[in-house]
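# Coordinate analysis (summary)
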Amino acid sequence: MSSQDEPLEVWIDQDLCTGDGICVQYAPEVFELDIDGLAYVKGDDQELRDAPGATVPVPLTLLQDVVDSAKECPGDCIHVRRSRDLVEVYGPDAV
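Treat the numbers as computed from the prediction; the structure is a model and nothing was measured. (Residues numbered from 1 in each chain as written. Predicted model: local features only at pLDDT ≥ 70, side-chain atom pairs only at ≥ 80, totals over all residues. Heavy atoms only, no water.)

So, on to the sheet that holds strand 2 (residues 31-33). Pairing within the open sheet is antiparallel, and its three strands lie in the order 2-3-4. Of all strands in the sheet, those with a lone pairing partner are strand 2 and strand 4 (48-49), marking the two edges. Pairing of strand 2 with strand 3 (residues 39-42), which is carried by three bridges, proceeds in the antiparallel orientation. Within strand 3, the residue paired with Leu33 across the bridge is Ala39. (Pairing = 2+ DSSP bridges. Helix = DSSP H or I, 4+ residues; strand = E, 2+ residues; numbered from the N terminus.)

Encoded structure:
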């Protein structure tokens, strides 16, 4: 399995979120702004995961949109990591 085929998960650090909504523009299937003005990840059930550090799987079809969200985020608060070993591959702590 190549690294690009590995299961990935994404989470948002709400302490750093600026509420710009750029992530929602890129990947509305994965990100949503809540009534508090901050972005959260949401699962296939469309429910927001509002617990600190809550993750959702990154659908392979949306990987580029999620990666672009992480790159363009002014708050540097979007973290994409491998599910297997939790190593961040996109985001402010990527290795």
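Right, picking up where we left off after that structure.
Sheet architecture is open: four strands sit in the order 5-1-6-7, paired in antiparallel fashion. Both outer strands of the open sheet, strand 5 (56-57) and strand 7 (88-90), are each paired with one neighbouring strand and no more. Pairing between strand 1 (residues 8-12) and strand 6 (residues 78-82): five bridges, direction antiparallel. If you follow Val10 over to strand 6, its bridge partner there is Val80. Strands strand 1, strand 6 and strand 7 of the sheet are contacted by helix 2 (residues 63-72), whose axis makes an angle of about 135° with strand 6. (Contact = heavy atoms within 4.5 Å. Axes fitted to C-alpha atoms, helices over the stretch in contact; angles between N-to-C directions.)

The next point concerns the side chain of His79. Looking at where His79 falls in the secondary structure, it is placed in strand 6. His79 gets classed as buried once you look at its relative accessible area, which sits at 3%. A polar side-chain atom of His79 sits 2.8 Å from a polar atom in the side chain of Glu88. Ignoring sequence-local partners within four residues, the contact set of His79 consists of Glu9, Val10, Trp11, Asp13, Glu88, Tyr90, Pro92 and Asp93. (Buried < 20%, exposed > 50% of the residue type's maximum accessible area, 1.4 Å probe, protein only. Polar contact = N/O pair within 3.5 Å; in protein donor to acceptor, adjacent residues only side chain to side chain.)

Leaving glycine out, the prevailing phi sign among residues is negative, and the prevailing peptide bond configuration is trans. Of note in the backbone geometry, Asp76 takes a positive phi value of approximately 45° without being a glycine. If you trace the backbone, Asp76 turns up in the loop between helix 2 and strand 6. Phi at Leu86 takes a positive value of approximately 65°, unusual for a residue other than glycine. Summarising the element assignment, Leu86 is placed in the loop between strand 6 and strand 7.

Now for the nonpolar core. Within the largest apolar cluster, 21 residues are counted, with the highest numbers of intra-cluster contacts made by Val10, Ile12, Val30, Phe31, Val58, Val66 and Ile78. Looking at this core, the elements with two or more residues in it are strand 1, strand 3, helix 2 and strand 6. With four residues, the single largest contributor to this core is helix 2. (Core = buried A, V, L, I, M, F, W, Y, C linked by side-chain atoms within 4.5 Å.)

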